[in-house]
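Close look at the chain arrangement
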Amino acid sequence: MAAHRLDDIDRKILAELQADGRMTNVELARRVGISAPPCLRRVRTLEEQGFIRGYHAEVDARALGFEVQVFAHVGLQSQAEADLRAFEDRCRAWPLVRACHMLNGEVDFILKCVAPDLSTFQSFLTGELLTAPNVSSVKTSLVIRGAKDEPGVPFDVLEERLRRSA
């Protein structure tokens, strides 16, 4: 279902839950201006329709001992669909790979990786990623610091777009 088919209340529910997925249904209902039972029905419908894919805690990787974050730009020898899917499946199986995106341009994929230290990442790089079938090149960039890592979508931009098109 496209975003333009969501009503104002649905979009408010999504924005509120994106900002704080731990709030109670009663609080959510209060914030979006409806009573609790229809709010819960709407949330369940949004979950069933795939607009809400899950609820997650934002953990501090460094506090948990994951000091290293790396972006790996991966080139493949073959871009046949079966080979692309095989690489994506392999990425899903690697615990250090936290995000995998296929790109258009000079590289085929960008991977966001975390590791407790450089030697652990180096072992993954040389023992897993560089030796994976169909991988032709890997260039890595070590993150020095992050300035922004905002999950979800900017609902204010969506609302402005909807206002302009109305």
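Thresholds applied
Residues numbered from 1 in each chain as written. Predicted model: local features only at pLDDT ≥ 70, side-chain atom pairs only at ≥ 80, totals over all residues. Heavy atoms only, no water. Helix = DSSP H or I, 4+ residues; strand = E, 2+ residues; numbered from the N terminus. Buried < 20%, exposed > 50% of the residue type's maximum accessible area, 1.4 Å probe, protein only. Phe/Tyr/Trp six-rings, centres within 6.5 Å; stacked < 30°, edge-to-face > 60°. Axes fitted to C-alpha atoms, helices over the stretch in contact; angles between N-to-C directions. Parallel < 35°, antiparallel > 145°, perpendicular 65-115°, else oblique. Contact = heavy atoms within 4.5 Å. Nonpolar A, V, L, I, M, F, W, Y, C, P; charged D, E, K, R; others polar. Lys, Arg positive; Asp, Glu negative; His and termini not counted. Salt bridge = Lys/Arg side-chain N within 4 Å of Asp/Glu carboxyl O.

- As annotated in an unreviewed UniProt entry, the protein chain carries the name Lrp/AsnC family transcriptional regulator and is attributed to Thetidibacter halocola.

1. Observations regarding the overall build of the protein chain
- In terms of helices and strands, the protein chain carries 6 helices and 4 strands.
- Along the protein chain, helices (α) and strands (β) appear in the sequence α-α-α-β-α-β-β-α-β-α when read from the amino end.
- Along the first, second and third principal axes, the C-alpha set of the protein chain runs to 55 × 40 × 25 Å.
- Looking at the 166 residues of the protein chain, the share that counts as buried comes to 30%.

2. Quick notes on the packing of aromatic side chains
- This model, assessed by the stated rule, comprises 4 aromatic pairs.
- The interplanar angle of 75 degrees and the centroid separation of 6.3 Å between the aromatic rings of Phe87 and Trp94 together place this pair among those described as edge-to-face. Comparing Phe87 with Trp94, the two get one shared label, buried.
- Ring centres of Phe87 and Phe109 lie 4.8 Å apart, and the angle between their planes is 50 degrees; on these two criteria the pair is classed as tilted. Here Phe87, found in helix H4 (residues 81-93), pairs with Phe109, found in strand E3 (residues 109-115); they are 22 residues apart in sequence, far enough to count as distant. Across this residue pair, the class does not change: Phe87 and Phe109 are buried.
- Here a set of aromatic residues connected by ring pairs shows up, and it is made of Phe87, Trp94, Phe109, Phe121 and Phe124.

3. Overview of the packing of helix H1 (residues 8-19) against helix H3 (residues 36-48)
- Running from N to C, H1 and H3 point in directions that differ by 80 degrees, and their axes come no closer than 10 Å. Regarding the angle of H1 to H3, the classification is roughly perpendicular. On the side of H1, the interface is formed by Ile9, Asp10, Ile13, Leu14 and Leu17, while H3 contributes Cys39, Arg42, Val43 and Leu46.
- Among the residues making up the contact of H1 with H3, the classes are represented as 7 nonpolar, no polar and 2 charged.

4. Focus: the side chain of Glu88
- Tracing the backbone through its elements, the reader meets Glu88 in helix H4.
- Nearest to the buried, unbridged Glu88 among oppositely charged side chains is Arg92, at 4.4 Å.
- Excluding residues within four positions of it along the chain, Glu88 makes contact with Met102 and Phe109.

5. Structural notes on the packing of helix H2 (residues 25-32) against H3
- Where H2 meets H3, the closest approach of the two axes is 9 Å, and the angle between their N-to-C directions is 100 degrees. With respect to H3, the axis of H2 lies roughly perpendicular. Contact residues: H2 offers Asn25, Val26, Leu28 and Ala29, while H3 offers Ala36, Cys39, Leu40 and Val43.

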